Amino acid sequence: MNLEIHDVTATNYRDILELKVAQSQKDYIETPYQCLEDSLEWKQFKPVGLYANQELVGFAMYGFFKGEGPQGRLWIDRLLIDEQFQGRGLGTKFMKKLVETVTQDYGEQPIFLSVYPENEGAVRLYEKLGFNFIEERDVNGEHIMVRL
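The following refers to the structure shown. Given the structure is predicted, the values throughout are model-derived calculations rather than measurements.

A word on the nonpolar core. Ranked by size, the top nonpolar core spans 28 residues in total, and within it I76, L79, L90, M95, Y126 and F131 carry the most contacts. At the level of secondary structure, the elements contributing two or more residues to this core comprise β2 (46-52), β3 (55-65), β4 (73-81), α3 (90-106), β5 (111-115) and α4 (120-128). The dominant element in this core, judged by the number of residues it contributes, is α3, at six residues. In this view, L90 contacts M1, L3, A52, V57, I81 and F85; residues no more than four positions away in its chain are not counted. Core analysis: the next-biggest nonpolar cluster, separate from the first, contains 17 residues, L36, M61, F112 and I144 among them.

Our next topic: the pattern of salt bridges. Counted by the stated rule, this structure contains five salt bridges. The closest approach of N and O atoms between D7 and K46, which form a salt bridge, is 3.2 Å. One end of the pair, D7, is in strand β1 (residues 3-7); the other, K46, is in strand β2, and 39 residues separate them in sequence. In this structure D7 comes out as partly exposed when scored by relative accessible area, which is 41%. With a relative accessible area of 30%, K46 lands in the partly exposed category. Close ionic contact of D77 with R78 constitutes a salt bridge, the shortest N to O distance being 3.2 Å. Through salt bridges with shared partners, a single ionic network connects E30, D38, D77 and R78.

What counts and what doesn't
- Residues numbered from 1 in each chain as written.
- Predicted model: local features only at pLDDT ≥ 70, side-chain atom pairs only at ≥ 80, totals over all residues.
- Heavy atoms only, no water.
- Core = buried A, V, L, I, M, F, W, Y, C linked by side-chain atoms within 4.5 Å.
- Buried < 20%, exposed > 50% of the residue type's maximum accessible area, 1.4 Å probe, protein only.
- Helix = DSSP H or I, 4+ residues; strand = E, 2+ residues; numbered from the N terminus.
- Contact = heavy atoms within 4.5 Å.
- Salt bridge = Lys/Arg side-chain N within 4 Å of Asp/Glu carboxyl O.

The structure is reproduced here in structure tokens:
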């Protein structure tokens, strides 16, 4: 399977807006529209489309925030796989690819993300990839995990 990460552009913007998570996940993640709006406010975020075999299957954002912590923080945020592509291991595959991508773009350093602990599938995925909870929450009350 060929996995690719592409910037959000005028070409794929509307397709990204059509991505939807399963009904049971809607309380855990913002819509693609809200994510893209947030990326306009927080310029540090880079919104990207996730493609499997040249087909759009998901969305994520990542970026480095200089003002957080003593040395800044590198974040992977808002990973979502469209409901019609879930259950195929794409979340795991793309999370691994996102970790590789941010490490290449920003260098080897801790990677942060946030999650609601009730989102057990996401928590298991992140723990499997080396993320652990720390005693912090983000501005939305989500629990923060870090991969050192």
